[in-house]
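# Architecture and fold: a report
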Amino acid sequence: MAQDTTAPTLDFKYWLDKAVEWGQATTLETQKDVCLHLPQLQEFLQQTYETLKHMNSIVAIQQFPLIGQLLGRLCWNPFVIGYDESQKTLMWCLCCLYSSEPQNPVELKANSWIRSLLCHLLSSSKWESNEAETTTFISALGYTSADYYCHLVENMVSSLVTELRGNQFNGLTVQGRVPASRVNAVSLFCLPLITLPDITPLLETLLLYHGGAPKEILSSQFLEAVNDAFLKKKISLSESAVFSLWLRHLPSLENTTLHVLDQLVSIQMNSLEEVTCVIKDSFLPQAASHPAIFRIVNEIFKNALLETDGTPEVMTIIQVFTQLFVQVHQNENKQHKFPLKAYFPHHHQPLVIALLRRPFELPATHWSQHLTHISDMLKALVEDTNISSSDLLEIWFLVACFGEWLDIAAEQLLKTAVEPDALLWLLAFYYCPQNENLQRIQTMAEARAVYNHLMMLFNTTTLSVRDLQAAVNYITDTEQRYTQHLITHLLTNFLLLSSSGHMIAQEYISHITETTDISKEVRSLLSRTAYRINQNGKENQKTVKLLNELLQKLNV
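Treat the numbers as computed from the prediction; the structure is a model and nothing was measured.

A few words on the overall build of the chain. Within the chain one finds 30 helices and 2 strands. Taking the intrachain contacts of the chain between residues at least 6 apart in sequence as the baseline, contacts between residues at least 24 apart amount to 70%.

Right, let's get into the packing of helix H12 (residues 220-231) against helix H13 (residues 239-248). The N-to-C vectors of H12 and H13 enclose an angle of 135°; their axes lie 11 Å apart at closest approach. It follows that H12 is oblique to H13 by the angle criterion. Here H12 and H13 pass one another in a crossing that is left-handed. On the side of H12, the interface is formed by Leu223, Val226, Asn227 and Phe230, while H13 contributes Val242, Leu245, Trp246 and Arg248. Classifying every residue of the contact of H12 with H13 by side-chain character gives 6 nonpolar, 1 polar and 1 charged.

Attention now moves to unusual backbone geometry. Within the chain, Lys233 stands out as a residue other than glycine whose phi angle is a positive 60°. Within the secondary structure, Lys233 sits in the loop between H12 and H13. In the Ramachandran plot, Phe283 falls in the positive-phi region, its phi being about 75° despite a non-glycine side chain. Looking at the element boundaries, Phe283 is found in the loop between helix H15 (272-281) and helix H16 (284-287).

Each pair of packed helices gets described by two things: the angle between the helix axes and the distance between those axes. It is at 10 Å that the axes of H12 and helix H14 (residues 250-266) come closest, and there the two elements cross at 20°. On the basis of their axis angle, the class for H12 and H14 is roughly parallel. In this structure, H12 crosses over H14, and the sense of that crossing is right-handed. Together, Leu223, Glu224, Asn227 and Leu231 of H12 and Ser252, Asn255, Thr256 and His259 of H14 make up the contact between the two elements. Its residues placed into classes, the contact of H12 with H14 shows 2 nonpolar, 5 polar and 1 charged.

The end-to-end C-alpha separation of helix H22 (residues 389-401) is 18 Å, in line with the 18 Å expected for 13 residues at 1.5 Å each. Where H22 is concerned, the buried positions are Leu392, Ile395, Trp396, Phe397, Leu398, Val399, Ala400 and Cys401. In this fold, the buried residues of H22 make contact with helix H17 (291-307), helix H18 (312-331), helix H20 (349-356), helix H21 (367-382), helix H23 (403-415) and helix H24 (420-431).

All told, the structure shown has 12 salt bridges when counted by the stated rule. Two residues, Asp33 and Lys18, come together in a salt bridge whose shortest N-O distance is 3.2 Å. In this pair, Asp33 sits in helix H2 (residues 28-52) while Lys18 sits in helix H1 (residues 12-22), placing the two residues 15 residues apart along the sequence. Residue Asp33 shares its accessibility class with Lys18, and that shared class is buried. As a salt-bridge pair, Glu216 and Arg248 come within 2.9 Å of each other at their nearest N and O atoms. In this pair, Glu216 is assigned in the loop between helix H11 (200-207) and H12 and Arg248 in helix H13, connecting sequence segments 32 residues apart. Owing to a relative accessible area of 16%, Arg248 belongs among the buried residues under this scheme. Overlapping salt bridges, with partners in common, bring together Glu299, Lys302 and Glu394 in one network.

Further remarks concern the nonpolar core. Formed by 168 residues in total, the largest nonpolar core has its most connected members in Leu202, Phe222 and Trp246. Beyond its immediate chain neighbours, meaning those up to four positions away, Phe222 contacts Ser187, Cys190, Leu191, Ile194, Leu203, Leu206 and Leu207.

Further remarks concern the state of the cysteines. The final tally for this structure, using the stated rule, is 0 disulfides. As a non-bridged cysteine, Cys75 has Cys93 as the owner of its nearest cysteine sulfur, 9.1 Å distant. Looking at the unpaired Cys93, the closest cysteine sulfur is the one in Cys96, lying at 6.3 Å.

Under the definition given, this model contains 17 aromatic pairs. For the pair Phe12 and Phe44, a centre-to-centre distance of 5.3 Å together with 75° between the ring planes defines the contact as edge-to-face. In this pair, Phe12 sits in helix H1 while Phe44 sits in helix H2, placing the two residues 32 residues apart along the sequence. Overall, Phe12 belongs to the buried group, its relative accessible area being 6%. A ring pair is formed by Trp15 and Phe44, whose centres lie 5.7 Å apart and whose planes are at 35°; its orientation type is tilted. Of this pair, Trp15 sits in helix H1 while Phe44 sits in helix H2, and the two are 29 residues apart along the sequence. Taking relative accessible area as the criterion, Phe44 reaches 3% and is therefore assigned buried. Feature note: the residues Phe294, Phe301, Phe321, Phe325, Tyr343, Phe344 and Phe402 constitute an aromatic cluster, connected by ring pairs.

Turning next to H17. The first and last C-alpha atoms of H17 sit 24 Å apart over 17 residues, in line with the 24 Å expected at 1.5 Å per residue. Of all the positions in H17, only Pro291, Ile293, Phe294, Val297, Asn298, Ile300, Phe301, Lys302, Ala304 and Leu305 are classed as buried. Where the residues of H17 are buried, they touch H13, H14, H16, H18, helix H19 (340-343) and H22. Asp309 occupies a position one or two residues after H17 and carries a positive phi of about 60°.

Checked against the element boundaries, Leu547 lands in helix H30 (residues 541-555). On the basis of relative accessible area, Leu547 is assigned to the buried category, the value being 1%. Along the chain, Leu547 and Thr529 lie 18 residues apart, while their C-alpha atoms are 8.2 Å from each other. The residues touching Leu547, leaving out its near neighbours within four places in the chain, are Leu496, Leu526, Thr529, Ala530 and Ile533.

Cut-offs and rules
Residues numbered from 1 in each chain as written. Predicted model: local features only at pLDDT ≥ 70, side-chain atom pairs only at ≥ 80, totals over all residues. Heavy atoms only, no water. Helix = DSSP H or I, 4+ residues; strand = E, 2+ residues; numbered from the N terminus. Contact = heavy atoms within 4.5 Å. Axes fitted to C-alpha atoms, helices over the stretch in contact; angles between N-to-C directions. Parallel < 35°, antiparallel > 145°, perpendicular 65-115°, else oblique. Left-handed = near helix turned anticlockwise from the far one by under 90°. Nonpolar A, V, L, I, M, F, W, Y, C, P; charged D, E, K, R; others polar. Expected span 1.5 Å × (residues − 1). Buried < 20%, exposed > 50% of the residue type's maximum accessible area, 1.4 Å probe, protein only. Salt bridge = Lys/Arg side-chain N within 4 Å of Asp/Glu carboxyl O. Core = buried A, V, L, I, M, F, W, Y, C linked by side-chain atoms within 4.5 Å. Disulfide = S-S within 2.5 Å. Phe/Tyr/Trp six-rings, centres within 6.5 Å; stacked < 30°, edge-to-face > 60°.

Here you go:
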């Protein structure tokens, strides 16, 4: 038996026959044969791992149907798991067979089996080669086998956390204490165990660990799996651990941002409070306090907005995210706060500062003046003959992110005695940033005509839908989508702000949403207004009631 030492590459049947023949190596003859084959076996296991790591678990089992039996037997052979790095390689192979998203009872059972093998490998020691002695010892401690292995996992996690944290001193890395390969191996070991609550301290320690190596030392599979489990709410992590995950693995940040967008766009939210809760729970606004994360998230949002042709849902999501980011930034400790230039490096800083001012920071009587100041700065920037189309797009997206000021501009046009040109131009730019073929000038002229018509009707005591027909005709007749949205914005505010508008609001909203495709635009406008009123709590109850009724009607 000791003479047959040649094994074909990845010949699972050969090694399974050997594993069956060896059993748990209880005789001197089998022990000698095991020892003779250990170098070849380790090489075979390493080749197996190199093959498995490029497959998913289903494909691996289909291609190598004997692999489960083989690994299962080898894990209980004390000579195999005690030799060099065979124990670690066995663990890696088992990790590759673990299904991250089990689809049926067979895969669930396979995952449970793999976890038990991993616990066994982690708890292996010299005296454990005798199962009877192990059982007696566990019983003497007063544990069942399940309790015992649970405590072993806890102790293992505690030991690894202590080892990794011991390599850090006052936030600095103590070189040479824990090799990068060791940290990488620990991250791979965690793969099938990520959703176990006892593993969380180790996950966080790994995510916060920085070994001073020029390249990422944690496995990319580990980082992807942690982010996936976090997104599916299978694990809870501290903010600092999540931030570190996204900073060291940008694909995870991108996936999270797209996941939040898909989640909010695919399900109809009844209120902006729900949108706010989802975005807050994602940790994106908090993480965006780091400029690198903020700029990446903003770029993803911008691309999503362009790809969806400025859909109202995506625009509203971006604006809520920006509001939450501003809150986080303003609450940051001044000592740790990054300068605004770090978040908006290529923008006109006075414009950024003006947009960042929250409306509640100013008296309502100063809003029109502040908006005129924003409009004047924007006009000077975008009407510069040297401006490129890409620069124009960047300026427009900056303004779009702070849409709260645009909603207030539309309100101020109807609520206060203002010189309308500056505020109308601001809205015209928002809805029509490009001025090819004088589109913005045309939009501005049509908006001015509707505005004048609405102002004549504002104090009318009795009003009918027919009285507003001229404005509706602008929406239905114009081929310019930008003009449609701007006029819809003005009309919606007119219904909310004028006493006569309240009386026909429901009838009118039904009329324009039936005759035009702007129901999403109206719903977004009403949702934003309701959210702002709830935040400030200064509007009369009649307006609040009307808003709720209109939103309920549109959500049916």
